[in-house]
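This is what each chain is made of:
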Amino acid sequence: MPQTVTGVIARSKGAPVELVEVVVPDPGPGEAVVVIQACGVCHTDLHYREGGINDDFPFLLGHEAAGVVESVGDGVREVAVGDFVVLNWRAVCGTCRACARGKPWYCFDTANATQKMTLTDGTELSPALGIGAFVEKTLVAAGQCTKVDPSADAAAVGLLGCGIMAGFGAAVNTGKVGRGDSVAVIGCGGVGCAAVAGAAVAGATTIVAVDVDDRKLEWAKGFGATHTVNSADEDAVERIKELTGGFGADVVIEAVGRPETYEQAFYARDLAGTVVLVGVPTPDQQVTLPMIEIFGRGGALKSSWYGDCLPSRDFPMLVDLYRQGRFDLGAFVTETIGLGDVERAFERMHSGDVLRSVVRL
């Protein structure tokens, strides 16, 4: 039978979020119901509330989540009842042209639940990134559930569901950072600090963190940055070059998503170096670069989608690194809050006071 649970929705553009009753149907074929234990408050949730993704209101917010599978529908083989899982928004199809080429991390036809969760009056909800996890229980496609070690803290490992995986993957998967590389990360919020951590795990020996907020630069040092640059006080490009023998970094990761910081990233890389854009720009933003510089500098200009991750491959590995003390996921959790505190968490996010607020249920 359908269940009625408590969840957080954005009813209309820019309006404060609401705590409401949500009807969760029994899982159909290929679907699973997951009891949510923790869910991070991500900038993407705020983008949904502000109408920056689309206008399919009302949205059931939340997507960086971990929990336990309560029930599954027919044909589900990925997970079983009782499995501890991290939710993801890249449930690969296995048959699209990207999957057929052996690159499932680019899957162009990812799965979501077919059925809709609703309000008690029958109004259909649009789940954020096909998940909707600011709720006691949620309905997802079974492929969106990635089984991980159940001894891990849900508040920490749930963050792999979006921002932390995006940053770590931007360094390791997209940027291909390796032993002895020099790396610069521009923008040191949650995604940028995860990129710093990824570069450190991969063996980079020079990791330059760039931001305009000294608090964030301190956070970056805690994740492995060897040098910090406050770009409000000094020229970030020149300072990165000074710290890399006058050449520029092998890999520069732009985790802001603005034209001016992307231009910094472009000029702060070494010849034949790589720029990785993981910060999400708005549709109106544009960047202009001289084509002779694009040609003459060589290398690669890349975008990183979800850290180019394959959840079934990357989530268990990163949870293992976390349990071994080599990747401090817990350090990203600034505070734990309740479902009723999401609006305040958005305010704290705006002020730059947190890496992540995490709803713990």
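Keep in mind the model is a prediction, meaning the values are calculated, not measured.

Draft legend 1. Looking closely at the overall build of the protein. The helix and strand inventory of the protein stands at 11 helices and 18 strands. Its C-alpha radius of gyration of 20 Å places the protein within 12% of the 21 Å reference for a compact globule of 361 residues. Looking at the protein residue by residue over its 361 residues, the buried ones come to 53%. Considering only intrachain contacts with a sequence separation of at least 6, the fraction spanning at least 24 residues in the protein is 70%. Averaging the positions of the 29 positive and the 45 negative side-chain charges in the protein gives two centres separated by 6 Å.

Draft legend 2. Summary view of the packing of helix H4 (residues 163–174) against helix H5 (residues 190–202). In contact at an axis separation of 7 Å, H4 and H5 are set at 45° when each is read in the N-to-C sense. Between H4 and H5, the angle falls in the class oblique. Between H4 and H5 lies a crossing of right-handed hand. Contacts from Gly163, Ile164, Ala166, Gly167, Phe168, Ala171 and Val172 in H4 reach Gly190, Val191, Ala194, Ala195, Ala197, Gly198, Ala199, Val201 and Ala202 in H5. Considered class by class, the residues forming the contact of H4 with H5 number 12 nonpolar, four polar and no charged.

Draft legend 3. Quick look at unusual backbone geometry. Across the junction of Phe57 and Pro58, the peptide omega takes the value -5°, indicating a cis bond. A positive phi angle, near 65°, is found at Ala272, a position not held by glycine. The topology assignment puts Ala272 in strand E15 (residues 269–277). Phi angles above zero are rare outside glycine, and Tyr306 is one such case at about 55°. Positionally, Tyr306 belongs in the loop between strand E16 (300–303) and helix H10 (311–323).

Conventions and cut-offs
Residues numbered from 1 in each chain as written. Predicted model: local features only at pLDDT ≥ 70, side-chain atom pairs only at ≥ 80, totals over all residues. Heavy atoms only, no water. Helix = DSSP H or I, 4+ residues; strand = E, 2+ residues; numbered from the N terminus. Rg over C-alpha atoms; globule rule 2.2 N^0.38 Å. Buried < 20%, exposed > 50% of the residue type's maximum accessible area, 1.4 Å probe, protein only. Contact = heavy atoms within 4.5 Å. Lys, Arg positive; Asp, Glu negative; His and termini not counted. Charge placed at Lys NZ, Arg CZ, Asp CG, Glu CD. Axes fitted to C-alpha atoms, helices over the stretch in contact; angles between N-to-C directions. Parallel < 35°, antiparallel > 145°, perpendicular 65-115°, else oblique. Left-handed = near helix turned anticlockwise from the far one by under 90°. Nonpolar A, V, L, I, M, F, W, Y, C, P; charged D, E, K, R; others polar.

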